[in-house]
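# Structural overview for review
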Amino acid sequence: MNIQVLPDHLSSVAPLKPCNVEKKDVELILVKDQNGVQYTSSAIISTPGPHVPNCNGEDLEERETWGKKIDFLLSVIGFAVDLANVWRFPYLCYKNGGGAFLIPYILFLVIAGMPLFYMELALGQYNREGAATVWKICPVFKGVGYTVIIIALYVGFYYNVIIAWSLHYLFSSMTSELPWLKCGNVWNDVNCTIPIVQNRTFLGNGTSYAKYKMTPAAQYYERGVLHLHESNGIHDLGVPRWELVLCLVAVVFILYFSLWKGVKSSGKVVYITATMPYLVLFVLLIRGITLPGAMDGIRAYLHIDFKKLNDPKVWIDAATQIFYSLGAGFGVLIAFASYNKFDNNCYRDALLTSTVNCVTSFFSGFAIFSVLGYMANKHNVRIEDVATEGPGLVFIIYPEAISTLPGSTFWAIVFFIMLLTLGIDSSMGGMEAVITGLSDDFMILKRNRKMFTFVTAFGTFLIALTCVTNGGIYVLTLLDNYAAGTSILFGVLVEAIGVSWFYGVDRFSEDIERMMGFKPGLYWRLCWKFVSPTFLLVVVIASIVTSSSLKYDNYEFPPWSNIVGWGVALSSMMFVPAYAIYKFLSMPGTFKQVSGTANTSHLLHSIYKETLRCVTGRTGKTPRSSLPLFVLLVLTHLHPAMSYYICSSPLHSVQ
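Residues numbered from 1 in each chain as written. Predicted model: local features only at pLDDT ≥ 70, side-chain atom pairs only at ≥ 80, totals over all residues. Heavy atoms only, no water.

Named according to an unreviewed UniProt entry, the protein is Transporter originating from Esox lucius. Listed under Sequence similarities (unreviewed entry) in UniProt, the entry text for the protein is "Belongs to the sodium:neurotransmitter symporter (SNF) (TC 2.A.22) family." (UniProt positions renumbered as here; feature names shortened; annotations may be inferred.)

Within the UniProt annotation, "binding site: Na(+)" (unreviewed entry) is assigned to G78, A80, V81, N85, S325, N357, L422, D425 and S426. Annotated residues spanning 349 residues; largest pairwise C-alpha distance 14.2 Å, indicating a single compact cluster. By the secondary structure assignment, N357 is in helix α14 (residues 346-379). N357 sits in the buried class, given a relative accessible area of 0%. Residues in contact with N357, not counting those within four places in the same chain, are A80, V81, N85, S325 and L326. For N357, the side chain forms a polar contact with the side chain of S325, separated by 2.8 Å. (Helix = DSSP H or I, 4+ residues; strand = E, 2+ residues; numbered from the N terminus. Buried < 20%, exposed > 50% of the residue type's maximum accessible area, 1.4 Å probe, protein only. Contact = heavy atoms within 4.5 Å. Polar contact = N/O pair within 3.5 Å; in protein donor to acceptor, adjacent residues only side chain to side chain.)

Quick look at the pattern of salt bridges now. Close approach of charged atoms lets side chains of opposite charge pair. Tallied over the entire structure, the rule returns 20 salt bridges. Between D440 and K446 there is a salt bridge, with the nearest N and O atoms lying 2.9 Å from each other. Assessed through its relative accessible area of 9%, D440 is described here as buried. Classification of K446 by relative accessible area gives partly exposed; the value is 35%. Here R514 and D511 are joined by a salt bridge, their closest N and O atoms 3.0 Å apart. Here R514 pairs with D511, and both are found in helix α21 (residues 486-516), just 3 residues apart, close to one helical turn. Judged by relative accessible area, D511 falls into the buried class, the value being 2%. (Salt bridge = Lys/Arg side-chain N within 4 Å of Asp/Glu carboxyl O.)

Here we come to the state of the cysteines. Taken as a whole, this structure holds 1 disulfide when the rule is applied. What pairs with C183 in a disulfide is C192, and their sulfur atoms sit 2.0 Å apart. Here the disulfide of C183 and C192 is left-handed, its torsion about the S-S bond being about -80°. Exposure remark for C183: the relative accessible area of 24% places this residue in the partly exposed category. What makes C192 buried here is its relative accessible area of 13%. (Disulfide = S-S within 2.5 Å.)

Moving on, we come to the nonpolar core. W165 and F395 are the most contacted members of the largest nonpolar core, which has 191 residues in total. Here this core takes 20 residues from helix α5 (residues 142-172), the largest share from any one element. Once residues lying within four places of it in the same chain are set aside, the contact partners of F395 are W87, I162, W165, S166, Y169, A217, Y221, F416 and L419. (Core = buried A, V, L, I, M, F, W, Y, C linked by side-chain atoms within 4.5 Å.)

What follows covers the packing of helix α20 (residues 472-482) against helix α23 (residues 559-573). When two helices pack together, their arrangement is given by the angle between their axes and by how far apart the axes lie. Closest axis-to-axis distance for the α20/α23 pair is 9 Å, and the angle between their directions is 45°. Looking at the two axes, α20 sits oblique to α23. Two packed elements cross with a definite hand, and for α20 against α23 that hand is right-handed. Contact residues: L478, L479 and Y482 in α20; S561, N562, G565, W566, V568 and A569 in α23. Taken together, the residues that form the contact of α20 with α23 break down as 6 nonpolar, 3 polar and no charged. (Axes fitted to C-alpha atoms, helices over the stretch in contact; angles between N-to-C directions. Parallel < 35°, antiparallel > 145°, perpendicular 65-115°, else oblique. Left-handed = near helix turned anticlockwise from the far one by under 90°. Nonpolar A, V, L, I, M, F, W, Y, C, P; charged D, E, K, R; others polar.)

Moving on, we come to helix α19 (residues 449-464). Between its terminal C-alpha atoms α19 stretches 22 Å, which fits the 22 Å expected from 16 residues at 1.5 Å a residue. All of the buried residues along α19 are R449, F452, T453, T456, A457, T460, F461 and A464. Tucked inside the fold, the buried residues of α19 contact α5, α8 (242-259), α17 (408-441) and α18 (443-447). (Expected span 1.5 Å × (residues − 1).)

This part covers the environment of G297. For G297, the location among the structural elements is in helix α11 (residues 294-302). Look at G297 and you get buried, because its relative accessible area is 0%. Taking the C-alpha atoms as reference points, G297 and I368, 71 residues apart in sequence, are found 8.6 Å from one another. Setting aside its immediate chain neighbours within four residues, G297 contacts F369, G373 and I383.

Right, dumping it as structure tokens:
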């Protein structure tokens, strides 16, 4: 019986037709070599194998899927739209030429951001695996999967703490008078000064209002919440603050009960966490533009200074912002897409969600700078004196502005609910990447998902305790700079090279065609093969060249802390070379043989099984052919299409 195997249906992941068959391994034994003819004995044994889709795109192994398409879209948007969209992009846009900054930002979105986003969604959806096991397409690169999983875990250590701060502020806002409105509280010192008497002269030459630490809002954040004044530096952390510990416990429990049942539960949570920020931003914008000085802030946000484009730092800021904003490389997009239906249009999803993310960043700038314009007008200072980014914006400047408004309690509650929801769904995405990535690799974890989810959440809680001590902000700053800085850029660079150059853009395009019925256009293939890797290489080099010693305001970190930071970064990056070395050493043959087959082993395995099935027919017996099975393997190695001719030849079929 002949089985036709067409060359254009060969794949390293999807089996050849007939597809819906039981997965088997082949045991080949050399019996003897007589007169130049090798006689072999083979046995076909059942074994659990890697997941593959059948010809109709259905799973051969049961895998959970999203309840609805909107669950997936909201999850991706919720992950990508995080705190950085609110506290980083608006300031970068203002600092780097206003509207002129959008030129490099949109350019890098189109030539690098979207292609990487699309690549990860397609990679996860086709293979239906997490960040580690998805590298069955090219096993020598599996270490990249472990790298991004470790990085996602590291980010959870400190990102949950920022969410805990938001929860602490939310609880503190439920009073008739906000605690950061006036001095005279137990956390204030004698230097605390009511902001109403401030002016540019009082602040002194070279001191911006955003950096002034004597306002009630600044002292509430650093002395009332962080208790930073009780620490002398990163070497003097002190004990965890019980108020923040309780908030952290609440955050961990929210994450656990959102993820313990997989995407069936997390897909429902994002209906609130992914949509609430848009509602709040809109409400804050409407309130903001009614304030005196708001138009001055918006004009400062949108002013166009094309001369800024001559500064390479502007282009570096645009490149890094678009990369971190979209969230490629953390394994989250691969994990989320792996729960899609096989024929889902991930191309449309990539364009939609990446565009929504970037538009959200731009839109949030209006809500932020309308209030900053009001602050500048109120204190008679320039916009640049109140403009800042990061925690200083959302935990000092913005809360201070809210505290001066009528109905300040309501506005504070609304604002911190927005921060809480922005953080929760992004943290959910990172933890899901860890859980999916490791449970797909180790079946014992998949069978005990609830327990594994609890262990992961509790583990992040234990490490995060170091970030809620008196000197916890120093630990958080160290992790924020090193845990997901150069290391994540390196991981995505290797990922892009692995997919585009080792697995192959043509083969990857064929995979996409099997899912959606059309191949990616020439533009996407060129971006994947040349533009995106080049972009990432430049960003990696720029991040290393521009790196400097750690600082938090005026505090200089000791030299040993920078060594610890690079140790944290290398601890995740080391998985790439370590696993590659392990893979080469564990494979039989010489280095030259191994290097030539390491990235095609799964392809050869799939083709060889089909070829063997053609040769043995239904009986499973190997004929004593002058063309032994070993030669068949060599021929299929030389060119996969050889299996078509072998299967088509009646000479090698069992009649």
